[in-house]
Amino acid sequence: MNRPIVRHAPIVPGVPHLLHGGDYNPDQWRASKETTWKEDMRLARLAGINTLSVGIFAWAALEPEEGRYEFGWLDEILDLMAENDLTAVLATPTGARPGWMSRAYPEVLRVNRDRTKNRHGGRHNHCLTSPVYREKTTAVNTALAERYQDHPALGVWHLSNEYGGECHCDLCQERFRAYLQTRFSSLDELNESWWTAFWAKTYGDWSHIESPSEHGHGEQDIHGLQLEWMRFTTEQFVDFYEHETAPLKAITPDVPRTTNLMGTYPGIDYYRLAQALDVVSWDSYPEWTGTGKDVAKGARASFLHDLTRSLKGKPFMLMESSPSATNWRPVAKLHRPGVHLLQSLQAVAHGSDTVQYFQFRKGRGGSEKFHGAVVDHEGTERTRVFQDVAEVGARLAELDGVVGTDTPADVAVVYDWHLRWALEDQKGMLQGRTDYEGAVVAHYRAFWEQGVPTDVIDSSLIARPGYLDRYKVLVAPMLYMLRPGVAEAIDAFVRRGGTFVATYATGYVDEHDRTFLGGFPGPLRETLGIWAEEIDALYPEDRNSIEWDGASYEAVELCELIHAETAETLGAYGSDFYAGRPALTVNRRGEGRAYFVAARTGDDFLAEFYGRVVAESGAERALDADLPAGVTAQVRTDGTTDFVFLLNFNPAAASVETGGGTVELAPFGTAVVERARA
Ligand SMILES: [Zn+2]
């Protein structure tokens, strides 16, 4: 890896341990606090828990009437936590409003895309522009920060909860138009960028612009509008986060602040939002089945962890996970033995310095009363799940050496929100089935199977000067949109000796979702040495093939018809009218190589192809060993000691030769091997 190893400080200053705990709602148990709260402290310690997240959704308990705060219960619980050496992840309560606010100030209620106004209820049902909502937020957050600034339990600020959705009210429309005037210097420029001459959509005045709606301008006509609306919504959340954190930052500057993200949630560009966070945190809910399907689920969960870590390139927090069943799934499957430890160590392996749950104690009512919890309705430590959690607690306590360690990666895979927004709007190719995320995960998985640590980055990082220098391999499946600076950075990366892999559907549109002229893949045509003339969409039952090096690999769904210009043809299509035309090419450019995979393939092709790419590029593997199928190895290091995590996602046992001996892994088993760093 071409960057120095970094040892980061613990997330909570003065707490040099992996954090273990979860969301805790003592406000739901105030009636029985004398017994329940004290029992909770005993059970937490017994489970090896050292942190609890409190105050999420507690606004009605904290401010039962406008301007009248009740902090007594929170004082008591934070004091109890401090007495029991529990670090508090203290939340601002803004994820859901108390009823008095909706009644007194209807402007705080959200307006939907169809322009209907919501009633009070649910969560995240508020307008981010509303001056009233912002004022109330500042008031309660300031009161919290002033009251608890010196409290010994305070470790991390947790802002709101799972930001999401969007608001289309008149206040937000005004703000959207103001935002657009910062993006475009004139209405003419906007019209040209959005190609509004199409279907007579040309805007004659800024005031005529409205947010997308299924009853008006939407994804059917102006793609640029939809794209800017998603960018605007992201900026709304960034701005609201900064608004919310301002009093916390002023009063408690040394307490880190975060809000919990949700993997590849499509509504917010997390690379942008992460810039505002001190530490990234996220909520991970893999849909484990207890069968061989869990290998694919494991690869996807690893991808999401790597993406989350890469947002800031440093250790993150696993803010929520389920210790067993997940209530909101159609099938709330129990975790099989071993799976809880596996998913917990998997997060740590990819850079999490915490393992946290939703939830610590199951509530008696509401939609989450059957969601997995450390403490069940039965109420004691006798449950299977409690014992699973206690096992994780004991295991994490042995891993203090991992805190703050680095996750070095020679390989980066690209995942980009703006690109996804554009690709999912486009009408052509495979409408509604472009499966951008699935394509990215499939390419990622080929590295995961080989135990090659991987970062997941977006165009904003690629375009950052010098950022790509740290990698040996850059993989960008379906790089449909090329934002400014991206093609140039990739070309420089290749010329300097990097290996770049691109696929079908690359280089079609610019940052405004306007197609490039002069042949796809647009500004990457010279880098890749190909011209993509047409793209063929296949019916689900259709098959073509890539014939490469004496073997035949299935090609499905999308087959691009390309011309090798300066590139060398390695593989060709096997059938249809384009049989014999190039399907796999390499362009040698400067010191490096740029590969092009023209069709969507199965995992067999990707495994073979990326096996060769890894060997040829010298990209580092976590373990110099052949891993059994369904087992991955990941590494964290402080520069002196490597912690190699072996993770078995098979429902059957597996063994791994580490060089120093054989490690036997149980079904869904795990091991952590320490070694001196070479
Ligand atoms: Zn609004």
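Residues numbered from 1 in each chain as written. Predicted model: local features only at pLDDT ≥ 70, side-chain atom pairs only at ≥ 80, totals over all residues. Heavy atoms only, no water.

Note the cut-off: UniProt positions are given in the numbering used here, feature names are shortened, and annotations may be inferred rather than shown by experiment.
With an unreviewed UniProt entry as reference, the protein is termed Beta-galactosidase, source organism Glycomyces endophyticus. Under the Catalytic activity (unreviewed entry) heading, UniProt states for the protein: "Hydrolysis of terminal non-reducing beta-D-galactose residues in beta-D-galactosides."

Brief notes about the coordination of the zinc ion
Here is the rule we go by: Because water is not among the atoms used, a metal site may look incomplete, as its donors are only the N, O and S atoms within 2.8 Å, or 3.2 Å for Na, K and Ca. Key to geometry: four donors with every angle between 85 and 135 degrees are tetrahedral; four donors are square planar and six octahedral where opposite donors lie over 155 degrees apart and all remaining angles lie between 65 and 115; all other sites are irregular. Only protein chains enter the accessibility calculation, which uses a 1.4 Å probe; a residue whose area is less than 20% of its type maximum is buried, one above 50% is exposed, and one in between is partly exposed.
Of the protein atoms, only Cys 127 (SG), Cys 167 (SG), Cys 169 (SG) and Cys 172 (SG) coordinate the zinc ion, at distances of 2.3 Å. Metal-centred angles of 102 to 118° between the four donor atoms at the zinc ion mark the site as tetrahedral. For the zinc ion, the donor residues sit on a single chain with the sequence spacing C-x39-C-x1-C-x2-C. The class of Cys 167 is buried, set by a relative accessible area of 7%.

A short note on helix α18 (residues 603-617)
An α-helical segment advances 3.6 residues per turn. Residues three or four places apart therefore align on the same side. We count it as follows: Only runs of H or I of at least four residues qualify as helices and only runs of E of at least two qualify as strands under DSSP, and these elements are numbered from the N terminus. Each residue after the first adds 1.5 Å to the expected span of a helix. The arc in question is traced by the directions running from the helix axis to the C-beta atoms.
Between its first and last C-alpha atoms α18 spans 20 Å; for 15 residues at 1.5 Å apiece the expected length is 21 Å, and the two agree. Of all the residues in α18, the buried ones are Phe 605, Leu 606, Phe 609, Tyr 610, Val 613, Val 614 and Ser 617. Viewed along the axis of α18, the buried residues span an arc of 150°, placing them on a single side of the element. One or two residues past the end of α18 sits Gly 618, with phi positive at roughly 75°.

Quick look at the pattern of salt bridges
The test is simple: Whenever a carboxyl oxygen of Asp or Glu lies within 4 Å of a side-chain nitrogen of Lys or Arg, that contact is scored as a salt bridge.
Applying the stated criterion across every chain, the model contains 56 salt bridges. Notably, a salt bridge pairs Arg 300 with Glu 437, separated by 2.6 Å at the nearest N-O pair. A residue pair is termed long-range when its members are at least 10 positions apart, and Arg 300 in helix α10 (residues 294-312) and Glu 437 in helix α14 (residues 436-449) qualify at 137 residues. For Arg 300, a relative accessible area of 37% puts it in the partly exposed group. Note that Arg 589 and Glu 526 form a salt bridge whose closest N and O atoms lie 3.8 Å from each other. Of the two residues, Arg 589 sits in strand β18 (residues 582-589) while Glu 526 sits in helix α17 (residues 525-528), which places them 63 residues apart along the sequence. Taken together, the shared-partner salt bridges connect Arg 183, Glu 228, Arg 231 and Glu 511 into one network.

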